[in-house]
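What the coordinates show
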Amino acid sequence: MPAAPSIAVQHLRKVYGEIVAVDDLSFSVPRGTVLGLLGGNGAGKTTTIAMLLGLLEPTGGSIGILGIDMLKRRYAALPRMNFSSPYVDLPHRLTVRQNLQFYGRLYGVKDLRHRIVEIAEHMQVAPFLDRAAGKLSAGQKTRVALAKALINKPDVLLLDEPTASLDPDTADWVRGYLESYQHETHSTILLASHNMGEVERLCDDVILLQAGKVFERGSPRELLERFGREDMEEVFLDMARGRGRGLDALKPDGGQP
Ligand SMILES: Nc1ncnc2c1ncn2[C@@H]1O[C@H](COP(=O)(O)OP(=O)(O)OP(=O)(O)O)[C@@H](O)[C@H]1O
């Protein structure tokens, strides 16, 4: 029997008053793969990630992570997950070390002292472990957020703009790190990003989201072929400017009314 996907989302919906932020979204992510979630501002990426984490209650639909129903038993899955987001600040007054200790305990990390030293070295935050988190530069904060996201060696990692604010060299190095982490641990990553090079490099599969709905889905290579483009930046611009075909165009009637 094939293994259950690490992430299984069905008919997910989130409505804020008149705004439909996520509209009947269904997808699954097999274990050991990376899914990219792409979309313009307001497409519903952050809302989707917040629902996967149980931070936001869906208006409808279901979410399974590692075979666990997140709407009923999320506390069984959370210790094996983690996330980073530029929209969620770590407590400002605590030092980086105290933050990592706090989250490490929350996730029940064994031999936490050693793990903090290890991840601080990997994410190159060791020189400012004893500085208050609120007093770091934007790029330093991003690296601390990633250290926090990896503290429990998660099986499922949700990354919202993981390289935001990083200089090109550091961003490239972080992508390399995530690539090796994913290969070594066979973990599953969901990546929301506006960086198309990052998506092409890291993702096995990509969902193009528009107004909370799936506009297109495929591997970067399939999307490039389907759109007749050379890189994902051009694919993204086609979608944003209404030149993409969308899933309707793949239906036998070509989406004709
Ligand atoms: N708390 C809220 N109340 C009302 N509307 C909201 C709320 N949070 C998000 N929205 C709306 O839901 C839609 C999806 O927002 P979301 O933040 O998920 O988009 P996004 O794809 O992450 O965008 P960005 O790339 O700008 O981060 C937007 O129209 C947004 O204005």
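Residues numbered from 1 in each chain as written. Predicted model: local features only at pLDDT ≥ 70, side-chain atom pairs only at ≥ 80, totals over all residues.

**Remarks on the sheet that holds strand β2 (residues 19-29)**
How we decide: Note: two strands are recorded as paired if DSSP finds a minimum of 2 bridges between them. Secondary structure counts use DSSP, requiring at least four H or I residues in a row for a helix and at least two E residues in a row for a strand, with both numbered from the N terminus.
Here four strands make up an open sheet; going across it, the order is β2-β1-β4-β5 and the pairing antiparallel. Each edge of the open sheet is held by one strand with a lone partner, namely β2 and β5 (68-69). Taken together, the five bridges between strand β1 (residues 7-16) and strand β4 (residues 60-65) define a ladder with antiparallel strand orientation. The partner of Ala 8 across the bridge, within β4, is Gly 64.

**Section: the packing of helix α3 (residues 96-106) against helix α4 (residues 112-122)**
As a reminder of what qualifies: Axis lines are fitted through C-alpha atoms, for helices just across the contact stretch, and the angle between N-to-C directions can take any value from 0 to 180 degrees. Note on terminology: angles under 35 degrees are roughly parallel, angles over 145 are roughly antiparallel, angles of 65 to 115 are roughly perpendicular, and the others are oblique. Take the far helix as your reference; a near helix turned counterclockwise from it by less than a right angle gives a left-handed crossing, and one turned clockwise gives a right-handed crossing. Here, residue contact means that the backbone-derived C-beta atoms of the two residues sit within 7 Å. Under the grouping applied here, Gly and all other residues not named as nonpolar or charged are polar, the nonpolar ones being Ala, Val, Leu, Ile, Met, Phe, Trp, Tyr, Cys and Pro and the charged ones Asp, Glu, Lys and Arg.
Contact geometry for α3 and α4: axes closest at 10 Å, N-to-C directions at 125°. With respect to α4, the element α3 is oriented oblique. Considering the relative orientation of α3 and α4, their crossing is right-handed. Seen from α3, the contacting residues are Arg 97, Leu 100, Gln 101, Gly 104 and Arg 105; seen from α4, they are Leu 112, Arg 115 and Ile 116. The class makeup of the residues in the contact of α3 with α4 is three nonpolar, two polar and three charged.

**What to know about the nonpolar core**
Put simply, the test is: A set of buried residues qualifies as a nonpolar core if it consists of Ala, Val, Leu, Ile, Met, Phe, Trp, Tyr and Cys joined through C-beta atoms within 7 Å. With C-beta atoms placed from the backbone, a residue counts as buried when 20 or more other C-beta atoms lie within 10 Å of its own, as exposed when 12 or fewer do, and as partly exposed for counts between those limits.
In this structure, Ala 147, Leu 158 and Leu 191 are the most contacted members of the largest nonpolar core, which totals 61 residues. Among the elements that take part in this core, helix α5 (residues 138-150) stands out by supplying six residues, more than any other. Setting aside residues no more than four positions away along its own chain, Leu 158 makes contact with Ile 49, Leu 52, Leu 53, Met 81, Phe 83 and Leu 190.

**Description of the site of the ligand**
To be explicit about the condition: Any residue whose backbone-placed C-beta atom lies within 6 Å of a molecule or strand is treated as near that molecule or strand.
The immediate surroundings of the ligand are formed by Tyr 16, Ile 19, Ala 21, Gly 39, Asn 41, Gly 42, Ala 43, Gly 44, Lys 45, Thr 46 and Thr 47. Elements with a minimum of two residues in the shell around the ligand: β2 and α1 (45-52). When residues in the shell around the ligand are grouped by element, the largest group, three residues, is from α1. In the shell around the ligand, the residues fall into four nonpolar, six polar and one charged.

**Digging into the pairing of strand β8 (residues 188-192)**
Of all five residues in β8, five are buried; the element is thus mostly enclosed. As paired strands, strand β3 (residues 34-38) and β8 are joined by four bridges and run parallel to one another. Within β8, the position partnered with Gly 36 by the bridge is Leu 191. Pairing geometry for strand β7 (residues 156-160) and β8, over five bridges, is parallel. Bridge assignment links Leu 157 to a residue of β8, and that residue is Ile 189.

**Here we look at the UniProt feature "domain: ABC transporter" (unreviewed entry) in the chain**
Which entries qualify depends on this criterion: UniProt positions are given in the numbering used here, feature names are shortened, and annotations may be inferred rather than shown by experiment.
UniProt records the feature "domain: ABC transporter" (unreviewed entry) at residues 7-236, using the numbering of this structure. A distance of 24 Å separates the end C-alpha atoms of residues 7-236, which is 39% helix and 26% strand.

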